[in-house]
Amino acid sequence: MMQKPVNQRAWLLVLPVLALVAFSSVIPMMTVVNYSFQDSFGGNDFFWVGLEWYRELLQSERLWDALGRQLLFSAIILLIEIPLGILVALAMPKRGWLASLCLVLMALPLLIPYNVVGTIWQVFGRSDIGLLGRLVTDLGISYNYAQNAVDAWVTVIAMDVWHWTSLVALLSYAGLRSIPDAYYQAAKIDQASRWSVFRYIELPKMRGVLIIAILLRFMDSFMIYTEPFVLTGGGPGNATTFLSIDLVKMALGQFDLGPAAAFSLMYFLVILLISYVFYTVMITMDKDETKA
Amino acid sequence: MSALNQSAIRLPKVRLSALVMIAYLLFLLVPIYWLVIMSFKSNSEILNAFTLWPEDFTLDNYRIILTDASWYMGYVNSFIYVSLNTVISLAVALPAAYAFSRYRFYGDNHLFFWLLTNRMAPPAVFALPFFQLYSSVNLFDTHIAVALAHCLFNVPLAVWILEGFMRGVPREIDETAFIDGYGFTRFFTRIFVPMIAPGIGVTAFFCFMFSWVELLLSRTLTSVDAKPITAIMTRTVSASGLDWGVLAAAGVLTIIPGAIVIYFVRSYIAKGFALGRV
């Protein structure tokens, strides 16, 4: 791999992206920053309140509760989806029409609009008309995701696992496909156990794609909105009110511009911080690979 | 002897992976099955009888959607802004991805990360400012507004995927073409773009996908003229008299375009999901 040449004119090629993203991200972001330091009394009367909103938010239980629920949710779904995705990738047929069929079927949930995902689980989980809800109720287990917080969590998590595990599986599958057969033959000669083949050949080779998977799943689960909004509406009570649901309630429901803007910025910063760590690890590993 | 031994060891393993696969696919398909058969039932059957197969099979739910403009225009609107978004995203991302994959320039790494941060921005953060921004430039409730808003996450993603694919093309090809007297524009459109056609296909697939499935921004930025099907569906959910059959049919109709698109890119899906980095 040769070093890339330095060429400042490359900036010209990046300019359109820069202009577009500046329009659709920098300008709105500036509005948000602006609002976060001001208060408004109806209409367009704004006055400076400094860090008031931030202080208020940091002391509000509402934000901390939502953040706690969000972190718990992201942690649970990462713990389920990553191992399950790897397991499914290992179980997938390696080639032929069966492999194609599995790929297409697995990718299906990924292309369903988020609100339809919510609808699917709504009509699947409801105890009056849903297959799952009806069967579980018939087994004598009381289950109602609209009334019971635990049931709501179980359903939202099952929904997310249903929706996104395929992404992890497809990524891992792509990683597995890139392992040359010679590695497996060498392992066979060494009479390596199934576990050591996984631990010392497959897992290291999947490292790169797994980091992408964790990064994507973390980011997307951390800003999940539509699916739980359609399924539970954030309830029962506030049981499934995650950060985005809370924020939209605040910004578009109550039109509390100042607090919502401060909320937005802190929310964004948390995601940014965690993602930056992932990203740094990722490019460091990219570099290691090109060296090797 | 050794062959026998091997098959004795292998047999249970193959069975186990088949079991895992079948169980997983069942888990994926059963909820979809329930939605699909619900779309062929009448409302009274949905609410009063618990049947695994529609007793009196009806296409009424689909007829309602396909003959009512306030329903089917939702699909048309979605298609318009999704296509616009895909075209815009590809058009700006192609040159940028080329720059990132071929050259080093002042601030390139920072710029790349900054682009990615937009993929990490929660749409909920942008809903309100977008509403105000597009209202102030008189673009509220237009397809182009939604298309531009979705560029927020699709352009960074497109740059990321395309950069991965372009990295796989040896730089010697560029250099040979330049020595042969090709100008940059001609080289890029005639030689380079055809070479990474699969990558462009995968990128288009992802832009289509993420724009198609998004609800929050498209709902916030539209009211009547450009209202997407996803927003129309949530409106029905909040109405008091809920028509489950029609809702299910509308849901099924939103799955079909995705299923068709997947079929065409099936051999590249895995690599695409790995953002071209395998």
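Just so we're clear, the structure is a prediction, and the values are computed from it rather than from any experiment. (Residues numbered from 1 in each chain as written. Chains lettered and ligands numbered in written order. Predicted model: local features only at pLDDT ≥ 70, side-chain atom pairs only at ≥ 80, totals over all residues.)

**Some points on the overall build of chain B**
Formally: Working definition: helices are DSSP H or I runs of at least four residues, strands are E runs of at least two. Numbering for both runs from the N terminus. Exposure criterion: with C-beta atoms placed from backbone coordinates, a residue whose C-beta has 20 or more other C-beta atoms within 10 Å is buried, one with 12 or fewer is exposed, and one in between is partly exposed. Whether two residues are in contact is decided by their C-beta atoms, placed from the backbone, lying within 7 Å.
When helices and strands are tallied, chain B shows 13 helices and zero strands. Reading chain B from its N end, one meets helices and strands in the order α-α-α-α-α-α-α-α-α-α-α-α-α. Expressed as a percentage of the 278 residues in chain B, the buried residues total 47%. Sequence separation of at least 24 residues holds for 79% of the intrachain contacts in chain B that already meet a minimum separation of 6.

**Some thoughts on the packing of helix H7 (residues 149–177) of chain A against helix H9 (residues 194–222) of chain A**
Residues and elements named next belong to chain A. We apply this condition: Note on definitions: angles span 0 to 180 degrees between N-to-C directions of axes, and those axes are lines fitted to C-alpha atoms, for helices only across the stretch in contact. The labels follow the angle: roughly parallel below 35 degrees, roughly antiparallel above 145, roughly perpendicular from 65 to 115, and oblique for the rest. By convention, the crossing between two helices is left-handed when the near helix turns anticlockwise from the far helix through less than a right angle, and right-handed when the turn is clockwise. The residue classification treats Ala, Val, Leu, Ile, Met, Phe, Trp, Tyr, Cys and Pro as nonpolar and Asp, Glu, Lys and Arg as charged. All others, Gly included, are polar.
Interhelical geometry of H7 versus H9 gives an angle of 150° and a closest axis separation of 8 Å. Classed by the angle they form, the pair H7 and H9 counts as roughly antiparallel. For the pair H7 and H9, the crossing hand works out as right-handed. Facing H7, whose interface residues are Asp160, Trp164, Leu167, Val168, Leu171, Ser172, Ala174, Gly175 and Leu176, H9 presents Glu202, Lys205, Met206, Gly208, Val209, Leu210, Ile212, Ala213, Leu216, Arg217 and Ser221. In terms of residue class, the contact of H7 with H9 is built from 12 nonpolar, four polar and four charged.

**Overview of the interface of chain A and chain B**
Listed by partner, the interface residues are 79 residues for chain A and 83 residues for chain B. Considering every element that reaches the side of chain A that touches chain B, the biggest residue donor is helix H1 (residues 10–36) of chain A, with 14 residues.

**Notes on the nonpolar core**
Counted only if it meets this: Any nonpolar core is a set of buried residues, restricted to Ala, Val, Leu, Ile, Met, Phe, Trp, Tyr and Cys, that join up through C-beta atoms within 7 Å. Domains are outlined according to an automatic or database domain assignment.
Among the nonpolar cores identified, the biggest contains 158 residues, and Val17 and Leu247 of chain A together with Ala93, Ala96 and Val159 of chain B are the most heavily contacted of them. Among the elements that take part in this core, helix H7 (residues 143–167) of chain B stands out by supplying 17 residues, more than any other. Counting contributing residues, this core receives three or more from each of domain 1 (2–31) and domain 2 (68–273) of chain B. With near-sequence residues (within four places) excluded, Leu247 of chain A lies in contact with Ala260, Phe263, Ser264 and Tyr267 of chain A together with Ala124 and Val125 of chain B.

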